[in-house]
Amino acid sequence: MRRPSLSMLMNEQRYNWVTQAVHRDTPMDAILSGNIMSSVSFFASTTALLILALFTVIGQLPDMAPALSTITFGASHSEADLQVHNIAMLVLFVTAFLSFTLSLRQFNHFCILVGATDHTKPTPPEEIRTIARINAMAAQNFNAGIRAYYFAIPMVAWFISSWLSIVVTLATIGFL
(Lines give C-alpha, C1' and ligand atoms only; values in the text may rest on other atoms or scores of the structure.)
Protein backbone atom coordinates (compact mmCIF):
# COMPACT_ATOMS: atom_id res chain seq x y z
CA MET A 1 0.00 0.00 0.00
CA ARG A 2 1.33 3.45 -0.97
CA ARG A 3 1.90 6.09 1.65
CA PRO A 4 -0.08 9.27 1.05
CA SER A 5 1.91 12.20 -0.26
CA LEU A 6 2.50 15.33 1.78
CA SER A 7 0.12 17.18 -0.54
CA MET A 8 -2.65 14.66 0.12
CA LEU A 9 -2.11 14.89 3.87
CA MET A 10 -2.14 18.70 3.75
CA ASN A 11 -5.32 18.69 1.65
CA GLU A 12 -7.00 16.67 4.40
CA GLN A 13 -5.85 19.27 6.91
CA ARG A 14 -7.17 22.07 4.70
CA TYR A 15 -10.55 20.35 4.77
CA ASN A 16 -10.28 20.05 8.57
CA TRP A 17 -9.31 23.72 8.80
CA VAL A 18 -12.37 24.87 6.84
CA THR A 19 -14.61 22.47 8.80
CA GLN A 20 -13.44 24.12 12.03
CA ALA A 21 -13.38 27.66 10.61
CA VAL A 22 -17.07 27.61 9.70
CA HIS A 23 -17.86 27.03 13.40
CA ARG A 24 -15.47 29.65 14.83
CA ASP A 25 -16.37 33.24 15.30
CA THR A 26 -12.83 34.48 16.01
CA PRO A 27 -10.22 36.28 13.89
CA MET A 28 -7.84 33.30 14.05
CA ASP A 29 -8.58 32.11 10.50
CA ALA A 30 -8.06 35.61 9.10
CA ILE A 31 -4.72 35.81 10.91
CA LEU A 32 -3.62 32.43 9.55
CA SER A 33 -4.71 33.36 6.03
CA GLY A 34 -2.94 36.70 6.30
CA ASN A 35 0.31 34.97 7.26
CA ILE A 36 0.05 32.68 4.25
CA MET A 37 -0.74 35.58 1.90
CA SER A 38 2.24 37.56 3.27
CA SER A 39 4.58 34.73 2.29
CA VAL A 40 3.10 34.52 -1.19
CA SER A 41 3.28 38.30 -1.60
CA PHE A 42 6.94 38.29 -0.54
CA PHE A 43 7.83 35.71 -3.17
CA ALA A 44 5.78 37.46 -5.87
CA SER A 45 7.48 40.82 -5.27
CA THR A 46 10.92 39.22 -4.99
CA THR A 47 10.32 37.41 -8.26
CA ALA A 48 9.28 40.67 -9.93
CA LEU A 49 12.61 42.17 -8.83
CA LEU A 50 14.50 39.17 -10.22
CA ILE A 51 12.69 39.57 -13.55
CA LEU A 52 13.66 43.24 -13.67
CA ALA A 53 17.27 42.32 -12.85
CA LEU A 54 17.32 39.76 -15.65
CA PHE A 55 15.99 42.34 -18.11
CA THR A 56 18.75 44.69 -16.96
CA VAL A 57 21.35 42.00 -17.58
CA ILE A 58 20.29 41.69 -21.24
CA GLY A 59 22.07 44.93 -22.05
CA GLN A 60 25.15 43.95 -20.07
CA LEU A 61 25.80 40.48 -21.55
CA PRO A 62 28.94 41.49 -23.50
CA ASP A 63 30.45 42.91 -20.30
CA MET A 64 29.54 39.79 -18.32
CA ALA A 65 31.26 37.33 -20.65
CA PRO A 66 34.82 37.96 -19.37
CA ALA A 67 33.72 37.71 -15.74
CA LEU A 68 31.81 34.48 -16.34
CA SER A 69 34.73 32.94 -18.25
CA THR A 70 36.71 32.94 -14.97
CA ILE A 71 34.29 30.44 -13.38
CA THR A 72 33.42 28.38 -16.46
CA PHE A 73 34.91 24.91 -16.89
CA GLY A 74 35.70 24.21 -20.51
CA ALA A 75 35.00 26.60 -23.36
CA SER A 76 33.85 30.13 -22.57
CA HIS A 77 30.27 31.09 -23.27
CA SER A 78 29.52 33.05 -26.40
CA GLU A 79 27.18 36.02 -26.26
CA ALA A 80 24.48 33.83 -27.84
CA ASP A 81 24.97 31.24 -25.05
CA LEU A 82 24.55 33.96 -22.44
CA GLN A 83 21.40 35.20 -24.15
CA VAL A 84 19.92 31.69 -24.09
CA HIS A 85 20.83 31.34 -20.39
CA ASN A 86 19.28 34.70 -19.58
CA ILE A 87 16.10 34.04 -21.57
CA ALA A 88 15.72 30.63 -19.92
CA MET A 89 16.05 32.28 -16.50
CA LEU A 90 13.50 34.93 -17.55
CA VAL A 91 11.02 32.28 -18.64
CA LEU A 92 11.54 30.41 -15.36
CA PHE A 93 10.96 33.48 -13.19
CA VAL A 94 8.04 34.85 -15.26
CA THR A 95 6.36 31.47 -14.81
CA ALA A 96 7.10 31.64 -11.07
CA PHE A 97 5.67 35.17 -10.89
CA LEU A 98 2.48 34.06 -12.61
CA SER A 99 2.20 31.09 -10.23
CA PHE A 100 2.65 33.32 -7.18
CA THR A 101 0.15 35.93 -8.31
CA LEU A 102 -2.42 33.26 -9.18
CA SER A 103 -1.82 31.70 -5.77
CA LEU A 104 -2.31 35.07 -4.11
CA ARG A 105 -5.59 35.55 -5.95
CA GLN A 106 -6.80 32.08 -4.96
CA PHE A 107 -5.85 32.62 -1.29
CA ASN A 108 -7.79 35.88 -1.49
CA HIS A 109 -10.85 33.96 -2.73
CA PHE A 110 -10.34 31.48 0.09
CA CYS A 111 -10.37 34.31 2.64
CA ILE A 112 -13.55 35.76 1.17
CA LEU A 113 -15.30 32.38 1.21
CA VAL A 114 -14.27 31.60 4.79
CA GLY A 115 -15.35 35.08 5.85
CA ALA A 116 -18.68 34.75 4.06
CA THR A 117 -19.75 31.58 5.86
CA ASP A 118 -22.77 31.92 8.09
CA HIS A 119 -21.85 30.77 11.60
CA THR A 120 -25.50 30.57 12.67
CA LYS A 121 -26.34 27.53 10.55
CA PRO A 122 -24.47 24.40 9.43
CA THR A 123 -22.32 24.79 6.33
CA PRO A 124 -23.00 22.12 3.69
CA PRO A 125 -20.13 19.63 3.27
CA GLU A 126 -19.94 20.46 -0.46
CA GLU A 127 -19.28 24.11 0.38
CA ILE A 128 -16.58 23.12 2.88
CA ARG A 129 -14.93 20.88 0.24
CA THR A 130 -15.04 23.71 -2.32
CA ILE A 131 -13.45 26.21 0.05
CA ALA A 132 -10.77 23.69 1.03
CA ARG A 133 -10.14 22.89 -2.64
CA ILE A 134 -9.56 26.57 -3.45
CA ASN A 135 -7.02 26.67 -0.63
CA ALA A 136 -5.38 23.53 -2.05
CA MET A 137 -5.24 25.06 -5.54
CA ALA A 138 -3.60 28.18 -4.11
CA ALA A 139 -1.05 26.05 -2.29
CA GLN A 140 -0.39 24.06 -5.46
CA ASN A 141 0.34 27.26 -7.40
CA PHE A 142 2.54 28.56 -4.59
CA ASN A 143 4.50 25.28 -4.67
CA ALA A 144 4.93 25.64 -8.45
CA GLY A 145 6.47 29.06 -7.89
CA ILE A 146 8.77 27.70 -5.19
CA ARG A 147 9.87 24.87 -7.52
CA ALA A 148 11.00 27.51 -10.00
CA TYR A 149 13.40 28.77 -7.34
CA TYR A 150 14.69 25.23 -6.82
CA PHE A 151 15.29 24.82 -10.55
CA ALA A 152 17.00 28.20 -10.76
CA ILE A 153 19.93 26.58 -8.94
CA PRO A 154 20.72 24.18 -11.83
CA MET A 155 20.29 27.10 -14.23
CA VAL A 156 22.95 29.04 -12.36
CA ALA A 157 25.16 25.93 -12.42
CA TRP A 158 24.72 26.00 -16.20
CA PHE A 159 26.92 29.11 -16.28
CA ILE A 160 29.75 27.02 -14.82
CA SER A 161 29.29 23.82 -16.82
CA SER A 162 26.59 22.06 -18.81
CA TRP A 163 27.45 18.80 -17.09
CA LEU A 164 27.29 20.41 -13.66
CA SER A 165 23.85 21.73 -14.56
CA ILE A 166 22.69 18.21 -15.45
CA VAL A 167 24.03 16.82 -12.17
CA VAL A 168 22.47 19.63 -10.11
CA THR A 169 19.15 19.20 -11.98
CA LEU A 170 19.10 15.48 -11.13
CA ALA A 171 20.01 16.27 -7.52
CA THR A 172 17.21 18.84 -7.38
CA ILE A 173 14.70 16.33 -8.76
CA GLY A 174 15.91 13.78 -6.21
CA PHE A 175 15.60 16.33 -3.42
CA LEU A 176 12.06 17.26 -4.45
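So, a few notes on the structure that sits alongside this text. (Residues numbered from 1 in each chain as written. Predicted model: local features only at pLDDT ≥ 70, side-chain atom pairs only at ≥ 80, totals over all residues. Heavy atoms only, no water.)

Moving on, we come to the packing of helix H4 (residues 79-116) against helix H5 (residues 125-160). Interhelical geometry of H4 versus H5 gives an angle of 160 degrees and a closest axis separation of 8 Å. As far as their axial angle goes, H5 and H4 are roughly antiparallel. Two packed elements cross with a definite hand, and for H4 against H5 that hand is left-handed. When the residues that make up the contact of H4 with H5 are grouped by side-chain class, the tally is 29 nonpolar, 8 polar and no charged. (Axes fitted to C-alpha atoms, helices over the stretch in contact; angles between N-to-C directions. Helix = DSSP H or I, 4+ residues; strand = E, 2+ residues; numbered from the N terminus. Parallel < 35°, antiparallel > 145°, perpendicular 65-115°, else oblique. Left-handed = near helix turned anticlockwise from the far one by under 90°. Nonpolar A, V, L, I, M, F, W, Y, C, P; charged D, E, K, R; others polar.)

Here we take up the layout of surface pockets. Estimates place the volume of the largest pocket at around 360 Å³. Taken together, Leu6, Ser7, Met10, Asn11, Arg14, Arg133, Ala136, Ala139, Gln140, Asn143 and Arg147 make up the lining of the largest pocket. When contributions to the lining of the largest pocket are tallied by element, the ones reaching two or more residues are helix H1 (6-21) and H5. With 6 residues, the single largest contributor to the lining of the largest pocket is H5. Here the residues of the lining of the largest pocket are counted per class, giving 4 nonpolar, 4 polar and 3 charged. (1 Å grid on protein atoms, 1.4 Å probe; cavity = no way out; pocket = protein on both sides within 12 Å on 5 of 7 lines; lining within 4 Å. Points joined across faces, edges and corners; volume = space filled by probe spheres on them.)

This next bit is on the packing of aromatic side chains. Scanning the entire structure with this criterion turns up 9 aromatic pairs. Seen from their ring centres, tyrosine 150 and phenylalanine 175 are 5.9 Å apart, and the 70 degrees between their planes marks the pair as edge-to-face. A residue pair is termed long-range when its members are at least 10 positions apart, and tyrosine 150 in helix H5 and phenylalanine 175 in helix H6 (residues 162-175) qualify at 25 residues. Take phenylalanine 175: its relative accessible area is 62%, and that puts it in the exposed class. Counting every residue linked through ring pairs, the aromatic cluster contains Phe42, Phe43, Phe93, Phe100, Phe142 and Tyr149. (Phe/Tyr/Trp six-rings, centres within 6.5 Å; stacked < 30°, edge-to-face > 60°. Buried < 20%, exposed > 50% of the residue type's maximum accessible area, 1.4 Å probe, protein only.)

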